[in-house]
Amino acid sequence: MTARPALFWFRDDLRLSDNPALRAASEHGPLTCVYILDTSTERRALGGAARWWLSRSLQALSDAIAAKGGELLILRGDPAELLPDVVERTGSGYVAWNRRYDRAAIALDKALKAELTEAGVAVESFNANLLNEPWQVKTKADGPFKVFTPYWRAVRESGEPSAPLPAPARLSRARLPAALREQTLTVAGLALEPTTPDWAGGLREAWTPGEDGARDRLDTFLDETIAGYREARDLPDRLSTSRLSPHLRFGEISPRQIWHATRAAEEAGRTPGSASDVEKFFSEIGWREFSYHLLFHNPELASVNYDRRFDAMSWETDEAGLAAWQKGLTGYPIVDAGLRELWQTGWMHNRVRMITASFLIKHLLTDWRAGETWFWDTLVDADPANNPASWQWVAGSGADAAPYFRVFNPVTQGEKFDPKGAYVRRFVPELAELDDKFIHRPWDAPAGELKKSGILLGSDYPKPIIALDFGRQRALDAFAALRSE
Ligand SMILES: Cc1cc2nc3c(=O)[nH]c(=O)nc-3n(C[C@H](O)[C@H](O)[C@H](O)COP(=O)(O)OP(=O)(O)OC[C@H]3O[C@@H](n4cnc5c(N)ncnc54)[C@H](O)[C@@H]3O)c2cc1C
């Protein structure tokens, strides 16, 4: 009797190396690799920027699989129906996937595991995308952590993460029935990229999705950018961070690979980063782990306040303010630069994410969920754990959150972290000629200075949509009322 073929289901793990489920499935013999674009309304649909990334990443993956002798089968629909169908039609006796951690995905995986097992198919799932499973890290009282520092201490005390796995040397193809082959789509057939209009030019310029692109990003970071990371990571005008976030989001690289490559570079004396830069970098990877820990233990993180006292918050409904924020037309240069960086490149520097989120939530007193939704649609790294956890952190409703009275002042933040205004000049070109002194407060510039710089406030660039003192006080009053309830 010949062995039944195996099936591997790609999801948020679009890579061949350090992919434990792929490795396990490939060791079972002839293999079907499948990706299903999930169109079910049960699960949150990808935003526009993430769809663009996925398209490019799937193409890179499909090419890499073909180079190893395999084939990526691409389908669109509800995996709850399609996966068992493909398993049956390929006669697969073994199915493997890597785990995901949001509630809808967990429910789907559980149901599929039960159905396939019942049908006599062996199913295994693995951890590919986290250093630790969210349920493995526990407080002394055996519960989930609510504060990052002790969480991360517990992780660090448990030792170094396990070593990453190599990619399978070869992927031998299982035979596909003709009818199934006919059903298979090309990446282009998924129509994930924008056409009318094609707004993705800036994304194409900024990114190389795929496993090779991820590896290149990591190498550049370890060879150059990590030097001084601990302090420089707050400066948005330069390449000061790794920019690995979309690669991590789509699983083109794993945190284990990042960890061990960083350690190896450190030990070989290859990286210019200090031990303190490395530790800081690891702790940022740790924040990602913590977000997944929070998501697993609080499945409604994207829609429900982690701190339920915030349910009583009286948010403003300021549609004009929200639209101005989304378009980068608030009249506050650092806020506008951030939102325009996001629109043009699908990414925004972390410091500026905090400033723009604080401005929306505090100065405009807008519900954090409106900002989370906008980021979900426009970020290439839009992440089911990091995005809601970070928005709730800025709002003050999250775990280990910024205190409610911390209201970032966009002028002083701009002057501190973009002192020469290079970041603002890049993304808000209408202010490019303005003197450094006024680049974060154009309304204070004398009329002659504005004229010399070719700016008519209110016409070439907006006047501030809200007075900072007013917005700050309104937020403090609203947040204080909440606390006294
Ligand atoms: C309002 C808001 C929304 C955010 N939404 C997302 C999101 O959707 N997806 C996302 O990946 N990150 C999000 N972040 C976190 C952070 O801004 C990005 O991870 C970071 O800017 C990515 O850049 P990098 O890869 O160069 O980071 P680096 O500084 O090089 O860090 C390395 C990796 O660590 C992780 N990381 C770094 N900072 C954080 C952080 N504060 N919280 C959690 N993980 C972190 C990321 O995976 C990142 O790729 C958000 C932050 C804020 C304030």
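Look above for the structure.
Below, the structure is looked at part by part.

Basis of the calculations
Residues numbered from 1 in each chain as written. Predicted model: local features only at pLDDT ≥ 70, side-chain atom pairs only at ≥ 80, totals over all residues. Heavy atoms only, no water. Helix = DSSP H or I, 4+ residues; strand = E, 2+ residues; numbered from the N terminus. Rg over C-alpha atoms; globule rule 2.2 N^0.38 Å. Buried < 20%, exposed > 50% of the residue type's maximum accessible area, 1.4 Å probe, protein only. Contact = heavy atoms within 4.5 Å. Areas by Shrake-Rupley, 256 points an atom, 1.4 Å probe, with all protein chains shown as cover. Lys, Arg positive; Asp, Glu negative; His and termini not counted. Charge placed at Lys NZ, Arg CZ, Asp CG, Glu CD. Near = heavy atom within 4 Å. Polar contact = N/O pair within 3.5 Å; in protein donor to acceptor, adjacent residues only side chain to side chain. 1 Å grid on protein atoms, 1.4 Å probe; cavity = no way out; pocket = protein on both sides within 12 Å on 5 of 7 lines; lining within 4 Å. Sits in = over half its atoms within 2 Å of the grid points. Nonpolar A, V, L, I, M, F, W, Y, C, P; charged D, E, K, R; others polar. Domains from an automatic or database assignment. Pairing = 2+ DSSP bridges. Right-handed = clockwise from strand over helix to strand, strands pointing away. Phe/Tyr/Trp six-rings, centres within 6.5 Å; stacked < 30°, edge-to-face > 60°. Lys NZ or Arg CZ within 6 Å of the ring centre and 35° of its normal. Axes fitted to C-alpha atoms, helices over the stretch in contact; angles between N-to-C directions. Left-handed = near helix turned anticlockwise from the far one by under 90°.

Here we come to the overall build of the protein chain. Across its full length, the protein chain carries 21 helices and five strands. Whereas a compact globule of 485 residues would reach a radius of gyration of roughly 23 Å, the protein chain reaches 24 Å, a difference of no more than 12%. Considered along the principal axes of its C-alpha atoms, the protein chain spans approximately 85 × 50 × 50 Å. Across the 485 residues of the protein chain, 54% fall into the buried class. Of the contacts made within the protein chain by residues no fewer than 6 positions apart, 79% connect residues no fewer than 24 positions apart. Counting every atom, the protein chain has about 20,700 Å² of accessible surface; 51% of that belongs to carbon and sulfur. Across the protein chain, the centroid of the 59 positively charged side chains sits 2 Å from that of the 67 negatively charged ones.

With an omega of -5°, the peptide bond between Thr196 and Pro197 qualifies as cis. You will see that Asp142, though not glycine, has its phi angle at about 75°, which is positive. Although it is not a glycine, Ala191 adopts a positive phi angle of roughly 50°. Among the secondary structure elements, Ala191 is positioned in the loop between helix 6 (178-183) and helix 7 (201-206). We classify Ala191 as exposed; its relative accessible area is 52%.

Turning next to the site of the ligand. Not every one of the 26 residues close to the ligand is listed here, only the nearest: Tyr229, Thr241, Ser242, Arg243 and Asn350. Between the ligand and Asn350, the relevant distance is 2.7 Å, taken from an oxygen atom to a side-chain nitrogen or oxygen of the residue. Contact distances for the ligand include 2.9 Å between a nitrogen atom and a backbone N or O atom of Asp381. Protein chains bury 95% of the 820 Å² of accessible surface belonging to the ligand in isolation. Because more than half of its atoms lie within 2 Å of the grid, the ligand is assigned to the largest pocket. Listing elements by their share of the shell around the ligand, those giving two or more residues are helix 10 (245-249), helix 12 (275-297), helix 15 (350-363) and helix 17 (386-395). The element that contributes the greatest number of residues to the shell around the ligand is helix 12, accounting for five residues. Considered class by class, the residues forming the shell around the ligand number 13 nonpolar, seven polar and six charged. In terms of domain composition, the shell around the ligand takes at least three residues from each of domain 2 (129-163 + 210-297) and domain 3 (308-480).

The side chains of a regular strand alternate, first on one face of the sheet and then on the other. Counting buried positions along strand 4 (residues 94-98) gives five out of five residues, so the element sits mostly inside the fold. The two faces of strand 4 match: Tyr94, Ala96 and Asn98 on one face and Val95 and Trp97 on the other face are all buried. Sheet topology places strand 1 (residues 6-10) next to strand 4; three bridges connect them, and they run parallel. Looking at the pairing, Leu7 lines up with Val95 of strand 4. With five bridges joining them, strand 4 and strand 5 (residues 122-126) adopt parallel strand pairing. The partner of Val95 across the bridge, within strand 5, is Val123. Read as a crossover between parallel neighbours, the route from strand 4 over helix 4 (residues 103-118) to strand 5 is right-handed.

Evaluated as defined, the whole model comprises 33 aromatic pairs. Considering the side-chain rings of Trp287 and Phe290, the 5.8 Å spacing of their centres and the 80° angle between planes classify their relative orientation as edge-to-face. A residue pair is termed a helical-turn pair when its members lie 3 or 4 positions apart in one helix, as Trp287 and Phe290 do in helix 12 at three residues. Looking at Trp287, the relative accessible area reads 28%, which means it is partly exposed. Chaining the aromatic ring pairs together yields one cluster made of Phe145, Phe148, Tyr151, Trp152, Phe221, Tyr229, Trp259, Phe281, Phe282, Trp287 and Phe290. In this structure, Arg249 packs its charged tip against the face of Phe250, placed 4.6 Å from the ring centre.

This brings us to the sheet that holds strand 5. The sheet built from five strands is open, its strands ordered 3-2-1-4-5 with parallel pairing. Strand pairing shows two members of the sheet lacking a second neighbour, strand 3 (72-77) and strand 5, which therefore form its edges. Averaged over neighbouring strand pairs, the angle between their axes works out to 25° when direction is ignored. Along the sheet, helix 4 makes contact with strand 1, strand 4 and strand 5, crossing strand 4 at roughly 170°.

So, about the packing of helix 8 (residues 211-225) against helix 11 (residues 255-267). Two quantities define a packed helix pair, namely the angle between the axes and the distance from one axis to the other. Where helix 8 meets helix 11, the closest approach of the two axes is 11 Å, and the angle between their N-to-C directions is 35°. Of the two possible hands of crossing, helix 8 and helix 11 adopt the one that is right-handed. Counted together, Arg215, Leu218 and Leu222 of helix 8 and Gln257, Ile258, Ala261, Thr262 and Ala265 of helix 11 form the full contact between these two elements.

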